[in-house]
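Inside the fold
Spelled out from the first residue to the last, the chains are:
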Amino acid sequence: MSRNRQRAQVAVITGASAGVGRATAQLLARRGIAIALLARGRTGLDAAADEVRAAGSRALPIEVDMAEYDQVVAAGQRIEAELGPIDLWINDAFSSVFAPFLQTRPEEFRRATEVTYLGYVHGTRVALHHMVPRDRGTVVQVGSALAYRGIPLQAAYCGAKHAIVGFTEALRCELMHDRSNVRVTMVHLPAVNTPQFDWLLSRLPRHAQPVPPIYEPVVAARAIVGAADRPGRREYWVGASTALTILGNRIAPGLLDRYLARAGYDSQQTDQRADPDQPVNLWHPADGPDGRDHGARGGFTNRAHGHSAQAWLSRHRLVTAAGLTGAAAAGVLAWQRR
């Protein structure tokens, strides 16, 4: 996003009360951008809004369930009325289930899909409703390495992220056909140290964890803000693990199937037994009656990286496809030897 317009720019972030969305709001606020914060949890929303205001920007926290289209429409109307024309819309809200597919109830799978996939569809539709008539604006879809490579125990999440890619590619072609100046780009993330592992519905015997290497939310936030600045590119990959996963799946998907069947269960669980009283945010916000603010970072800070050289190189177009393909091939061979 350009920083040189006379009026204050307006950004919308879904899933803004915690994790990557919260970290992205913190970065954008430092630019003086007015930010509409969309999420379900009131406590986290208010805390995120306080951070935006402390950075000198305007904040508009709105409780929204992204699975409910009418709520998203109403939020868009309120944002335009109170903050001004929307320049940037970042879709980041999601929910999911940690469990084998056959242990995930149909209603749980449907709910995770509605929030994670249809939430992006609803957010994008509302954003375009306001942007297309003005012939300007940017939509950033926060994706994942798992949008290209499914892993066990996360069927609902992987399915939704795959769907977002197909939806976004189709939409991009339509905007190009219409010669629209509205831009849509994607940012695919690695494992990130967010609070999701303390509140997603889990039927695992041990506490869920991100698959190492793990990155801090600010790494993802920098990439999202960078994509908003340069939305002409189709997508950005964050972290060497994301590049290796996507390219490795293109080279040897069957090999990855066998590797993940062997290692994918243990790598997503810590040694700690699961807490039966852990909050669950699938149906309701996880801040609950205690009013807890979960913040941007999760419980894996001692293992998380604060920088990604690959993400910086990718933003500056210094990572070549040939080099990454070679690295992916080497990574796949290394997995095969485990």
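Residues numbered from 1 in each chain as written. Predicted model: local features only at pLDDT ≥ 70, side-chain atom pairs only at ≥ 80, totals over all residues. Heavy atoms only, no water.

Topic: the overall build of the chain
Within the chain one finds 10 helices and 14 strands. Looking at the chain residue by residue over its 338 residues, the buried ones come to 57%. Considering only contacts in the chain between residues 6 or more positions apart, those separated by 24 or more positions represent 76%. Element-wise, carbon and sulfur atoms account for 53% of the exposed surface of the chain, whose accessible area totals about 14,800 Å². (Helix = DSSP H or I, 4+ residues; strand = E, 2+ residues; numbered from the N terminus. Buried < 20%, exposed > 50% of the residue type's maximum accessible area, 1.4 Å probe, protein only. Contact = heavy atoms within 4.5 Å. Areas by Shrake-Rupley, 256 points an atom, 1.4 Å probe, with all protein chains shown as cover.)

Observations regarding the side chain of Ser 96
Positionally, Ser 96 belongs in the loop between strand E4 (88-91) and strand E5 (97-98). Among the residues examined, Ser 96 registers a relative accessible area of 2% and is labelled buried.

Some points on helix H2 (residues 42-54)
If you check H2, its first and last C-alpha atoms are 18 Å apart, about what 13 residues at 1.5 Å a residue would give, namely 18 Å. If you check which residues of H2 are buried, you get Gly 44, Leu 45, Ala 47, Ala 48, Ala 49 and Val 52. (Expected span 1.5 Å × (residues − 1).)

Details of the packing of aromatic side chains
Tallied over the entire structure, the rule returns 4 aromatic pairs. Pairing Phe 98 with Phe 197 gives two aromatic rings, centres 5.8 Å apart and planes at 25 degrees, and the pair type is stacked. Of the two residues, Phe 98 is situated in strand E5 and Phe 197 in the loop between strand E8 (191-192) and strand E9 (201-202); the sequence distance between them amounts to 99 residues. Centroid distance Phe 197 to Phe 300: 5.9 Å. Interplanar angle 85 degrees. Geometry classified as edge-to-face. (Phe/Tyr/Trp six-rings, centres within 6.5 Å; stacked < 30°, edge-to-face > 60°.)

Concerning empty space enclosed by the protein
Applying the stated criterion across every chain, the model contains 1 cavity of 30 Å³ or more. Volume-wise, the largest cavity comes out at about 30 Å³. What lines the largest cavity is simply Val 97, Ala 99, Pro 100, Phe 101, Thr 104, Phe 109, Ala 155 and Ala 156. Here the residues of the lining of the largest cavity are counted per class, giving 7 nonpolar, 1 polar and no charged. (1 Å grid on protein atoms, 1.4 Å probe; cavity = no way out; pocket = protein on both sides within 12 Å on 5 of 7 lines; lining within 4 Å. Points joined across faces, edges and corners; volume = space filled by probe spheres on them. Nonpolar A, V, L, I, M, F, W, Y, C, P; charged D, E, K, R; others polar.)

A word on the nonpolar core
Note on soluble globular proteins: their nonpolar side chains tend to be buried together. Core analysis: the largest hydrophobic core is formed by 47 residues, its most contacted members being Leu 28, Ile 35, Leu 37, Ile 90, Val 187 and Leu 189. Among the elements that take part in this core, helix H6 (residues 217-229) stands out by supplying 8 residues, more than any other. Those residues within four positions of Leu 28 in sequence are excluded, and the remaining contacts are Ala 11, Ile 13, Ile 33, Ile 35, Leu 88, Ile 90 and Val 225. Counting 25 residues, the second-largest nonpolar core is a separate cluster that includes Ala 36, Met 66, Ala 75 and Ala 127. (Core = buried A, V, L, I, M, F, W, Y, C linked by side-chain atoms within 4.5 Å.)

Brief notes about the confidence of the model for the chain
Looking at the chain, pLDDT values average 90 and 87% of them are 70 or higher. Confidence drops under pLDDT 50 across residues 328-338; counting only partners more than four residues distant or on other chains, this segment forms 14 contacts. (pLDDT = per-residue confidence, 0-100.)

Comments concerning the sheet that holds strand E14 (residues 304-305)
Strand order in the open sheet formed by 3 strands is E8-E11-E14, with parallel pairing between adjacent strands. The strands lining the two open edges of the sheet, one partner per strand, are E8 and E14. Bridge count between strand E11 (residues 214-215) and E14: 2 bridges; the pairing is parallel. Within E14, the residue paired with Tyr 215 across the bridge is His 305. (Pairing = 2+ DSSP bridges.)

Topic: the environment of Ala 243
Relative to the helices and strands, Ala 243 resides in helix H7 (residues 240-251). When its relative accessible area of 1% is taken as the criterion, Ala 243 is described as buried. Spatially, the C-alpha atom of Ala 243 lies 9.6 Å from that of Leu 189, the residues being 54 residues apart in sequence.

Digging into unusual backbone geometry
Of the consecutive residues Pro 212 and Pro 213, the connecting peptide bond is found in the cis state with omega at 5 degrees. Counting through the fold element by element, Pro 213 comes out in the loop between strand E10 (206-208) and E11. Residues other than glycine seldom take positive phi values, yet Leu 153 does so here, at roughly 75 degrees. With respect to the secondary-structure elements, Leu 153 resides in the loop between strand E6 (138-144) and helix H5 (155-177). Assessed through its relative accessible area of 5%, Leu 153 is described here as buried. A positive phi angle, close to 55 degrees, is found at Arg 179, a residue other than glycine.

Some words on the pairing of strand E7 (residues 183-189)
Burial runs high along E7: 6 of the 7 residues are buried. As paired strands, E6 and E7 are joined by 7 bridges and run parallel to one another. When the sheet's bridge partners are listed, Gln 141 is paired in E7 with Met 186. In this region the chain leaves E6, passes through H5 and returns to the parallel neighbour E7; the handedness of that crossover is right-handed. Bridge count for E7 against strand E12 (residues 235-237) is 3 bridges, and the pairing is parallel. Paired with Met 186 across the strands is Glu 235, a residue of E12. (Right-handed = clockwise from strand over helix to strand, strands pointing away.)

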